[in-house]
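Fold and contact review
Here's the letter readout for the chains.
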Amino acid sequence: MDKILIEGGNRLIGEVSISGSKNAALPILSAALLTDDWNTFYNVPKLKDIATIKTLLLHIGTEIDEDGSTLKIRTRNPETTEAPYELVKTMRASAIVLGPLLTRFKRARVSLPGGCAIGARPMNLHLLALEKMGADIKIESGYIDAKTDRLKGAKIYFDISTVTGTENIMMAAALADGTTILENAACEPEVAELADVLNKMGANIKGAGTDCITIKGVDRLKPATHTVMPDRIEAGTFMIAAGMTKGDILIKNCPMHNLEALTVKLREAGVEIQAESASGGGAVRIKGNNSLRSVDIKTLPYPGFPTDMQAQIMAMMSIANGLSIITENVFENRFMHVSELKRMGADIRIEGRNAIVKGRSSLNSAPVMATDLRASASLILAGLAAEGVTEISRVYHLDRGYEKIEEKLLKLGAKIKRVKE
Ligand code: EPZ
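Since the model is a prediction, treat every value here as computed from it, not as a measurement.

1. A word on the site of the ligand
As a matter of local geometry, the ligand sits amid 22 residues, with Asn124, Thr162, Thr164, Asp308 and Val330 nearest to it. With respect to the ligand, the backbone of Leu125 contributes an N or O atom lying 2.8 Å from an oxygen atom. Between Arg334 and the ligand, the recorded distance is 3.4 Å, taken from a side-chain N or O atom to an oxygen atom. Of all the secondary-structure elements, those providing two or more residues to the shell around the ligand are helix H1 (22-30), helix H5 (124-132), helix H6 (163-174) and helix H12 (373-385). Along the lines of polarity and charge, the residues of the shell around the ligand split into 10 nonpolar, seven polar and five charged. Of the domains in this structure, domain 1 (2-19 + 230-420) and domain 2 (22-227) are the two that each give at least three residues to the shell around the ligand.

So, in structure tokens, the structure goes:
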């Protein structure tokens, strides 16, 4: 297993390009299960989680022709409609193949993802929705066994806003008989991006990006060409890196329009953010020359403050002036980074869903351990600002969601390197 060593204290200065969005690319690649001819997807990030979904799709019988970040992908005749435990357990988002497999091939056997570091993350809402669409679903020996003659359109209300639940059902409904209405649907930009791709394939989806989505089923879908949007969480992570190191970074192709909740809070905390163009994909200049002020954060489904940025802003609040209360409303156990940040001198107390962060003038380097994807990002950020050399182990978590992050940070002047443990 690799370790990352960071000698803190350098200001990050320069330009960085944001890679394609992991959480957009995963459902978009799964949508290739819906068409029998070649789709072309550009700007697909090179990440461990993307490698995992490709392995699963190849196992099913999808054909993939890769050239750098461009993927040509189609599913003519599947070998199997099963997503095995060995693959699904490494990445729970693999369950995103359930909807497309079932609606196109009329059956799917997908392993239940099992536990996850940040919470139970059940799939009950995905399954309830598919049953309402007429699927016959059994759970046995850790697998979801689903079959149908043809899914039927239905009116579905999600008790909780679920991103991959909305995505799974949107894909299932695209080939269903009749109209499906999703209420209390997830509004995340990645959901809207998937609807874009499905509509390019000939689906009939309206309202994606709002909490009410209407999908009129069609008989067949044709291949699409699409460029994956930039990753808003990677962009947000670099914004915080600039704020924490008194840096001056130009983030190219930054999806500012998807980062409203974060940028409001960063400006409140004293980070200067100058959007070169308000539209998506413009360059944005981030300057961290003011001292940081504490802000309170409540994570919520989009357009609220993203839970995927909670660990990162907690690292920033650890060196801000004053007290910050960070409330995690989306997942029940997403504070694993707290004990590691405390090893670096952060003053944080957890009370239920709240983390009370008392800013310190600085953090100290220490050997720390990554526990999940975004926790590892928060430790990188803390290491960039800490005095001395921080050693982060289990960085395979980081590789799931950040493409070439050491290279990008090195180019910005960070003293960072990866070593074999
Ligand atoms: C997606 O996960 C993202 N992953 C997560 O990003 C992100 O944190 C999450 O949405 C919330 O924004 C991908 O898009 C691949 P949910 P997802 O279903 O879809 C509960 C990262 O770091 N729930 O929106 O799995 C669930 O337990 C990852 O990139 C049910 O109770 O999340 C959670 O408390 C981490 N029953 C809440 O809803 C269900 O059937 C939101 O989960 C489904 C969800």
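2. Overview of H1
Within H1, eight of the nine residues are buried, which leaves it mostly tucked inside the rest of the structure. Residues of H1 that are buried: Lys22, Ala24, Ala25, Leu26, Pro27, Ile28, Leu29 and Ser30.

3. Some points on unusual backbone geometry
The linkage connecting Tyr302 with the following residue, Pro303, adopts the cis geometry, with an omega of 10°. As for its placement among the helices and strands, Pro303 is situated in the loop between strand S18 (297-298) and helix H10 (310-317). Here the phi dihedral of Asn43 falls at roughly 65°; this positive angle occurs in a residue that is not glycine. With respect to the element layout, Asn43 can be found in the loop between strand S3 (39-42) and helix H2 (48-60). Classification of Asn43 by relative accessible area gives partly exposed; the value is 26%. One non-glycine residue, Asn253, adopts positive backbone phi at about 40°. One can find Asn253 in strand S15 (residues 248-254).

4. Regarding the domain arrangement of the chain
Here the chain is partitioned into domain 1 (2-19 + 230-420) and domain 2 (22-227). Counting from both sides, the interface comprises 22 residues of domain 1 and, opposite them, 20 residues of domain 2. For the pair domain 1 and domain 2, the two sides together bury roughly 1,700 Å², of which 53% comes from carbon and sulfur. The largest per-residue losses of area from domain 1 upon contact with domain 2 belong to Tyr302, Arg400 and Glu403, which jointly make up 34% of the total buried on that side. The salt bridge partner of Glu190 is Arg232, with a shortest N-O separation of 2.7 Å. Put simply, the parts of the chain that give the side of domain 1 that touches domain 2 at least two residues each are H12 and helix H13 (396-399).

5. Overview of empty space enclosed by the protein
A full pass over the atoms with the stated rule returns two cavities of 30 Å³ or more. Estimated volume of the largest cavity: approximately 50 Å³. Per-element tally for the lining of the largest cavity: the top contributor is H12, with four residues. Looking at side-chain class alone, the lining of the largest cavity contains eight nonpolar, one polar and no charged residues. Here the second largest cavity defines a volume of roughly 30 Å³. Taken together, Thr307, Gln310, Ala311, Arg334, His337, Asp372, Arg374 and Ala375 make up the lining of the second largest cavity. Sorting the residues of the lining of the second largest cavity by element identifies H10 and H12 as the ones contributing at least two each. A per-class count over the lining of the second largest cavity returns two nonpolar, three polar and three charged.

6. Side note on the pattern of salt bridges
According to the stated counting rule, one finds 26 salt bridges in the structure shown. The partner of Glu391 in a salt bridge is Lys3, and the shortest N-O contact between them spans 3.1 Å. Of this pair, Glu391 sits in strand S23 (residues 389-393) while Lys3 is found in strand S1 (residues 2-7), placing the two residues 388 residues apart along the sequence. Judged by its relative accessible area of 30%, Glu391 falls in the partly exposed class. Using a relative accessible area of 17% as the deciding quantity, one classes Lys3 as buried. Close ionic contact of Arg418 with Asp399 constitutes a salt bridge, the shortest N to O distance being 2.6 Å. Separated by 19 residues along the polypeptide, Arg418 in strand S24 (residues 415-420) and Asp399 in helix H13 bring together distant segments of the chain. With relative accessibility at 28%, the residue Arg418 sits in the partly exposed group. According to the relative accessible area criterion, Asp399 is partly exposed, its value standing at 23%.

The rules behind these values
Residues numbered from 1 in each chain as written. Predicted model: local features only at pLDDT ≥ 70, side-chain atom pairs only at ≥ 80, totals over all residues. Heavy atoms only, no water. Near = heavy atom within 4 Å. Polar contact = N/O pair within 3.5 Å; in protein donor to acceptor, adjacent residues only side chain to side chain. Helix = DSSP H or I, 4+ residues; strand = E, 2+ residues; numbered from the N terminus. Nonpolar A, V, L, I, M, F, W, Y, C, P; charged D, E, K, R; others polar. Domains from an automatic or database assignment. Buried < 20%, exposed > 50% of the residue type's maximum accessible area, 1.4 Å probe, protein only. Contact = heavy atoms within 4.5 Å. Buried area = accessible area lost by both parts, 1.4 Å probe. Salt bridge = Lys/Arg side-chain N within 4 Å of Asp/Glu carboxyl O. 1 Å grid on protein atoms, 1.4 Å probe; cavity = no way out; pocket = protein on both sides within 12 Å on 5 of 7 lines; lining within 4 Å. Points joined across faces, edges and corners; volume = space filled by probe spheres on them.

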